[in-house]
Amino acid sequence: MKNIRNIAIIAHVDHGKTTIVDQLLKQSGTFRDNENVEIRVMDSNDIERERGITILAKTTAIDHNGCRINILDTPGHADFGGEVERIMNMVDGVLLVVDAYEGTMPQTRFVLKKALEAGVTPILVVNKIDKDTARPKQVVDEVIDLFIELGADIEQLEFPVVYMSAINGTSSLDPDKNTQKPTMDPLLDLIVDYIPAPKVEKEGHLQFQPALLDYNDFVGRIGIGVVKRGKIKVNQQVSCMRLDGTTKQFRVQKLFGFLGLKRIEIEEAEAGDIVAIAGLPDISVGETVCEVGYEEALPHLRIDEPTLQMTFGANTSPFVGREGKLVTANKIKERLMKETEKDVSLRVEPNDNESFIVSGRGELHLSILIENMRREGFELQVSKPQVIKKEIDGVMCEPYEDVMIEVPEENVGTVIEALGNREGEMVNMTNHENQVRLNYLVPSRGLIGFSTEFMTMTKGYGILNHTFKEYKKVAGTSVGERKLGVLVSMENGQSTAYALGQLEDRGVMFIEPGTEVYEGMIVGEHSHENDLAVNVVKGKNLTNTRSAGKDHTVVLKRPRQISLEYCLDYINSDELVEVTPLNFRMRKRILNTSERKKFDSRK
């Protein structure tokens with residue numbers, strides 16, 4: 001019988017989960033001495049590397065003193081919390097990673113709540129102990145308070161603590177940073193000694209439940225989960241008990257185990273093993289795979305409902321097809337359906353022939369999908385994100401978020417005012433060494449577009465974190481709407497420095513001289529509440545008279561830099577974002593200036 005431990009690593013964004021996995025892999029001899037290994041080796045996707053966040057849960061395994069330790073690196077962002085919840089069903093213990101300075105944050109609470117509800121055994125890892133600002137003892141007290149607040153039982157409260165600096169690969173059981181040793185053994189030994197072996201039945205008829213999905217063009221959908229009972233073999237005929245109560249038989253085509261960063265083909269797996277299984281093209285999360293004739297379903301896994309939706313459609317701008325290869329509605333539909341094969345929190349519904357309503361867990365969840373599509377060569381247009389409202393006991397409700405903000409003292413007033421305008425409700429306020437920590441309850445609607453405004457208010461020094469809390473009665477009608485109008489191009493052509501120079505006192509520009517524009521495209525922000533149609537392609541009338549004060553050097557203000565997230569946050573409901581492999585453009589739904597004026601006058 002194999003000696004196995006199944007653990008997940010949970011933490012707030014950027015507290016060091018993936019870096020710890022790096023060190024565990026390195027120190028367990030997974031890599032050759034001469035092998036070139038990138039930092040955050042588990043973040044395999046380009047966007048993960050660029051943003052420094054984990055988006056997809058990853059499975060790996062290491063061997064320590066004759067024990068196989070299966071490790072699941074989970075996403076820290078609340079938009080991907082559904083994955084965290086399902087992973088808790090696969091493991092028997094968690095490593096709760098907390099920053100030695102920041103302490104407990106909203107996502108720490110979120111992921112820990114999921115872990116405690118699942119009844120898994122926790123180990124606390126206080127990371128970044130090497131920082132000058134580290135306060136390990138206070139952080140451990142904060143974590144104990146959080147455990148009590150979340151209703152942990154006596155056993156869960158008696159958790160061991162490891163102090164480490166993951167980036168340096170050092171750890172110790174003592175909070176004094178001078179006791180750090182260049183090894184991860186204290187943590188590995190604790191995992192083997194403290195985390196229980198999988199609570200499974202070695203003997204008996206097969207039970208396997210996928211908790212995560214993957215997709216492969218050769219074998220189709222792959223279900224990843226833990227074998228709860230019995231054994232499973234390649235080519236075995238098995239039954240799948242579907243969520244709707246039906247049963248479908250299939251043959252196990254492929255069986256994969258995990259070691260280091262590799263997915264290894266195996267012939268057989270037994271209870272307690274974390275494996276990936278291929279053979280049923282439409283296997284879904286929460287279904288149960290059993291032996292034929294011994295069908296017995298496991299409890300269904302809960303999948304978090306989407307809270308935000310947007311419309312994805314084929315690009316209808318005059319520039320369609322210039323920058324992307326994949327532009328038709330059919331191609332967009334095909335790609336969105338493929339995404340639902342491995343992302344169970346995503347919903348796609350047809351809206352009309354050319355567009356689709358895509359629902360997800362949050363702004364980040366959907367913007368990462370758009371970013372991936374853009375990089376694959378798609379052109380599309382997307383609408384402003386809208387929260388999904390629900391009727392609960394006859395009352396219309398909307399999602400609310402738990403918001404944690406840390407700002408310098410001088411910015412507190414402006415932040416409180418801004419959140420008040422967005423129907424935010426203050427829960428707590430604490431002061432710590434010229435930094436003020438604010439805890440708010442805010443409608444999700446009010447947070448759309450807030451992060452950009454927040455960064456400007458705090459000059460980049462503020463920290464903003466939020467996580468879904470609950471559904472509550474709908475707040476005021478105009479929460480989080482943009483206050484200022486926009487400058488809209490009324491001509492097609494190339495913008496000129498002369499025209500932009502003349503418009504500088506009207507607002508802030510989004511474009512540079514020489515940018516291709518079309519009628520209806522948003523080129524800047526108006527300094528007043530109304531929209532203004534402007535001509536940005538106008539050139540100077542040339543005459544043969546030369547003046548002494550030639551204006552060949554027009555000095556313009558630098559245009560505002562716009563990103564995908566900025567555009568999604570910025571637009572109103574009568575506007576769209578055009579996304580291509582090379583550009584993001586904001587535009588009005590109705591491009592023609594006179595038609596738009598007629599439509600606006602009818603409102």
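The present account deals with the structure reproduced in this document. In this text the structure is predicted, and so the values were computed from the model without any measurement. Numbers given for residues are sequential positions, taken from 1 along each chain in its written order. Where local features are concerned, this predicted model is filtered to residues with pLDDT of at least 70; where side-chain atom pairs are given and counted, the filter is 80 or more; whole-chain, interface and lining totals use all residues. Only hydrogens and water are set aside when side-chain values are computed; all heavy atoms of the structure are taken into account.

Helix and strand counts for the chain stand at 15 helices and 35 strands. Taking all 603 residues of the chain together, the buried fraction comes to 54%. For the chain, the proportion of contacts with a sequence separation of at least 24, taken over those separated by at least 6, is 71%. With an accessible surface of roughly 28000 Å², the chain has 47% of that area assigned to carbon and sulfur atoms. Segments assigned H or I by DSSP are reported as helices when at least four residues long, segments assigned E as strands when at least two residues long, and all are numbered from the N terminus. Think of it in three bands: with a 1.4 Å probe and only protein chains considered, a residue is buried below 20% of the maximum accessible area for its type, exposed above 50%, and partly exposed in between. The contact criterion used is simple: two residues touch if any of their non-hydrogen atoms lie within 4.5 Å. In these tables, accessible area is a Shrake-Rupley quantity obtained with a 1.4 Å probe, and a residue counts as shielded only by the protein chains included in the view.

What follows deals with helix α8 (residues 329–342). Expected helix span is given by 1.5 Å per residue-to-residue step, counting one fewer step than there are residues. The end-to-end C-alpha separation of α8 is 21 Å, in line with the 20 Å expected for 14 residues at 1.5 Å each. Within α8, burial applies to Ala329, Ile332, Arg335, Leu336, Glu339 and Thr340. Viewed end-on, α8 has its buried residues packed into an arc of 145°, placing them on one side of the element. In α8, the exposed positions angled more than 90 degrees off the buried face are occupied by Asn330 and Glu334. As for α8, its buried residues are in contact with β9 (220–229), β18 (308–314), β19 (347–352), β20 (355–360), α9 (363–375) and β21 (380–382). Picture the helix axis, draw a direction to every C-beta atom, and the arc is the one those directions span.

Moving on, we get to the nonpolar core. Residues grouped as a nonpolar core are buried Ala, Val, Leu, Ile, Met, Phe, Trp, Tyr and Cys residues, joined through side-chain atoms within 4.5 Å. With 61 residues, the main nonpolar core has Met88 and Leu124 as its most contacted residues. Once residues within four sequence positions are removed from consideration, Met88 is found in contact with Ala8, Ile10, Val94, Lys114, Ala115, Ala118 and Val120. Residues Phe312, Ile332, Leu366 and Tyr566 belong to the second largest nonpolar core, which totals 30 residues.

To continue, consider the state of the cysteines. Two cysteine sulfur atoms form a disulfide, by the criterion used here, when they sit within 2.5 Å. With the rule as written, the count across this model stands at zero disulfides. Free cysteine: Cys240, not disulfide-bonded; nearest cysteine sulfur from Cys290 at 8.1 Å. On the basis of relative accessibility, which here comes to 0%, the residue Cys240 falls in the buried class. On the basis of relative accessibility, which here comes to 0%, the residue Cys290 falls in the buried class.

So, about the sheet that holds strand β28 (residues 486–489). Read from one edge of the open sheet, four strands run β30-β32-β28-β33, paired in mixed fashion. Edge positions in the sheet fall to β30 (507–509) and β33 (532–534), since each of these pairs with one other strand and no more. Within the sheet, the average angular offset between the axes of one strand and its neighbour, ignoring direction, is 30°. As judged from the three bridges shared by β28 and β33, these two strands associate in the parallel manner. By the bridge assignment, Val488 is partnered in β33 with Ala533. A pair of strands is considered paired only if DSSP assigns at least 2 bridges between the two. Where helices are involved, their axes are fitted lines through C-alpha atoms of the stretch in contact, as for all axes, and angles between N-to-C directions lie from 0 to 180°.

Turning our attention to the packing of aromatic side chains. In this analysis, rings of Phe, Tyr and Trp, with Trp reduced to its six-membered ring, are considered paired at centre separations within 6.5 Å, and the interplanar angle assigns stacked below 30 degrees, edge-to-face beyond 60, and tilted for intermediate values. A full pass over the atoms with the stated rule returns five aromatic pairs. By way of ring pairs, the aromatic residues Phe510, Tyr566 and Tyr570 are connected into one cluster. Geometrically, a charge over a ring is one whose NZ (Lys) or CZ (Arg) sits within 6 Å of the ring centre while staying within 35 degrees of the ring normal. Cation over ring: Lys472 sits above Tyr400, and NZ or CZ is 5.1 Å from the ring centre.

What follows concerns the pattern of salt bridges. Opposite charge on two side chains allows them to pair when their charged atoms are near. Definition used for salt bridges: Asp or Glu carboxyl oxygen within 4 Å of a side-chain nitrogen of Lys or Arg. Throughout the structure, instances matching the rule amount to 23 salt bridges. With its nearest N and O atoms 3.0 Å apart, the salt bridge here joins Arg585 to Glu578. The exposure class of Arg585 is buried, given its relative accessible area of 8%. By relative accessible area, which is 0% here, Glu578 ends up buried.

Before going further, it helps to examine the pairing of β19. Of the strand pairs in this sheet, β19 and β20 are connected by five bridges, and their pairing is antiparallel. In the strand pairing of β20, Asp352 is matched with Ser355. Linkage of β19 to β20, two consecutive antiparallel strands, is achieved through a turn of two residues.

Before going further, it helps to spend a moment on unusual backbone geometry. Even without a glycine there, the phi angle at Asn65 is positive, about 50°. Residue placement: Asn65 occurs in the loop between β2 (58–64) and β3 (67–73). A positive phi angle, near 65°, is found at Lys128, a position not held by glycine. Looking at the element boundaries, Lys128 is found in the loop between β5 (121–127) and α5 (136–149).

Any link to function would need more than the numbers given here.
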